[in-house]
Amino acid sequence: ETPSADDAPQLRHDIATVGVVGTGTMASGIVEVFAKAGYDVVVVGRSDDKLAGVVKGIEKSLDRAIEKGRLDAAAKEQVLGRLTGSTSREALADVDLVVEAIAEDLAVKTELFGDLDRICKPGAILATTTSSLPIGDCAAATKRPEWVIGMHFFNPAPVMKLVEVVTTEQTLPEVDETTKALCAEVGKVAVSCGDRAGFIVNCLLFPYLNDAVTLSESGVALDEIDAAIKAEANFPMGPFQLLDVVGNDVSLAIQEELLKEFGEPGFEPAATLRDKVAAGELGRKTKKGFHDYS
Ligand code: 3HC
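All of these numbers come straight from a predicted model, not from anything done at the bench.

1. A short note on the environment of L205
And step 1. Relative to the helices and strands, L205 is located in helix α7 (residues 201–217).
And step 2. Along the sequence, L205 and P239 sit 34 residues apart, while their C-alpha atoms lie 9.5 Å from each other.

2. Notes on the pairing of strand β8 (residues 189–194)
And step 1. As defined by bridge partners, strand β7 (residues 162–167) adjoins β8 across 6 bridges and the pair is classed as parallel. Residue pairing for β8: V166 is matched across the bridge by C193.

3. With respect to the nonpolar core
And step 1. Core analysis: the largest hydrophobic core is formed by 53 residues, its most contacted members being V20, I30, V31, V98 and L126.
And step 2. The contacts of I30, once residues within four sequence positions are left out, are V20, V99, A101, T129, F153 and A157.
And step 3. Listed in part, the 16 residues of the second largest apolar core include V250, A253, L258 and L273.

4. Brief notes about the site of the ligand
And step 1. Inspection of the region around the ligand gives 18 residues, with S131, N155, P156, P158 and P236 positioned closest.
And step 2. Contributing elements (two or more residues each) for the shell around the ligand: α2 (48–67) and α9 (239–246).
And step 3. Residue classes in the shell around the ligand are distributed as 11 nonpolar, 5 polar and 2 charged.
And step 4. Residue contributions to the shell around the ligand reach at least three from each of two domains, namely domain 1 (7–194) and domain 2 (202–286).

5. Some words on α9
And step 1. Judged by how many residues are buried, α9 sits mostly within the fold: 7 of 8 residues are covered.
And step 2. Of all the residues in α9, the buried ones are P239, F240, Q241, L242, L243, D244 and V246.
And step 3. Considering only its buried residues, α9 is in contact with α7, α8 (222–233) and α10 (248–262).
And step 4. Just past α9, the residue G247 takes up positive phi, approximately 100°.

6. A closer look at the packing of α8 against α9
And step 1. α9 packs onto α8 with a crossing angle of 100° between their chain directions and a minimal axis gap of 7 Å. When the axis of α8 is compared with that of α9, the two are roughly perpendicular. Residue-level inspection shows L222, I225, D226 and I229 of α8 in contact with α9, the latter providing P239, F240 and Q241.
And step 2. Within the contact of α8 with α9, the residues separate by chemical class into 5 nonpolar, 1 polar and 1 charged.

Definitions and cut-offs
- Residues numbered from 1 in each chain as written.
- Predicted model: local features only at pLDDT ≥ 70, side-chain atom pairs only at ≥ 80, totals over all residues.
- Helix = DSSP H or I, 4+ residues; strand = E, 2+ residues; numbered from the N terminus.
- Pairing = 2+ DSSP bridges.
- Core = buried A, V, L, I, M, F, W, Y, C linked by C-beta atoms within 7 Å.
- Buried ≥ 20, exposed ≤ 12 C-beta atoms within 10 Å, placed from the backbone.
- Contact = placed C-beta atoms within 7 Å.
- Near = placed C-beta within 6 Å.
- Nonpolar A, V, L, I, M, F, W, Y, C, P; charged D, E, K, R; others polar.
- Domains from an automatic or database assignment.
- Axes fitted to C-alpha atoms, helices over the stretch in contact; angles between N-to-C directions.
- Parallel < 35°, antiparallel > 145°, perpendicular 65-115°, else oblique.

Structure (structure tokens):
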């Protein structure tokens, strides 16, 4: 059956203002996505410095777009004018949707969801961009689990088209539908996923990345593996380049969630991945991961 326009998800709830919690790579990218699409965005971070960092990153990205002739100075000011920063979560009281992009730590996230439940207005959609933790656990930290959903963006969020929309058994159908319609409005492609480890993409991607690490442990050079995959599969990056973009800490956390859910054989994180994390060689963000960026 061919989908018709009538089948496209509709915005069942008005979304005008979006809250983003976090100031890291994913949070910044997500703020940029919504602000560029015309939404007012309230960014909540732990310090004014971190909030300033988000604005600086977005400015840099907009400047790049100006250089390439895709944006003018007035449009840049409009996008920046849609951003409001706050170090207080209370600033989220009136937003229509919150996307949480803080640390991949369940205790940290459930504490936040408890707060969002207390602070956000009724009818606000509470979303998490977690890549490795159950959406159901975030939902269970609130008294409104039917309003909680996963919106899993990919890195770099302003560029990658995909958003995995993850529902639990409790998520209201209209929350799912609004979230998918919103993805389309901001230029993304939404796919539906159940609340299982790795959702769709990471469930397939991380065993491959982990296998690449194991292959390198057997003596094959990183650059050769990267070059082989780029040329053969036409991927924009080889596995080690991609691990360095994702961050080895994030990759290890995802691999461990896959191991927990699917067990052996094959899901045990490669020893070198653990070593990299222990050594603080997390990838581009620390200037050293599998490759060197200093
Ligand atoms: N923010 C905003 N824009 C960015 C950006 C960023 N961080 N990084 C790149 N861009 C833009 C550039 O401005 C450029 O835009 P233009 O072509 O319109 O001028 C465009 O993206 C291409 O960038 P570059 O020319 O600088 O470089 P590349 O062509 O090498 O592209 C890349 C960079 C988009 C990162 C590309 O290498 C790529 O697609 N890599 C794979 C990324 C990927 O697979 N991500 C998914 C990881 S898994 C994940 O996130 C899941 C999680 O749970 C772990």
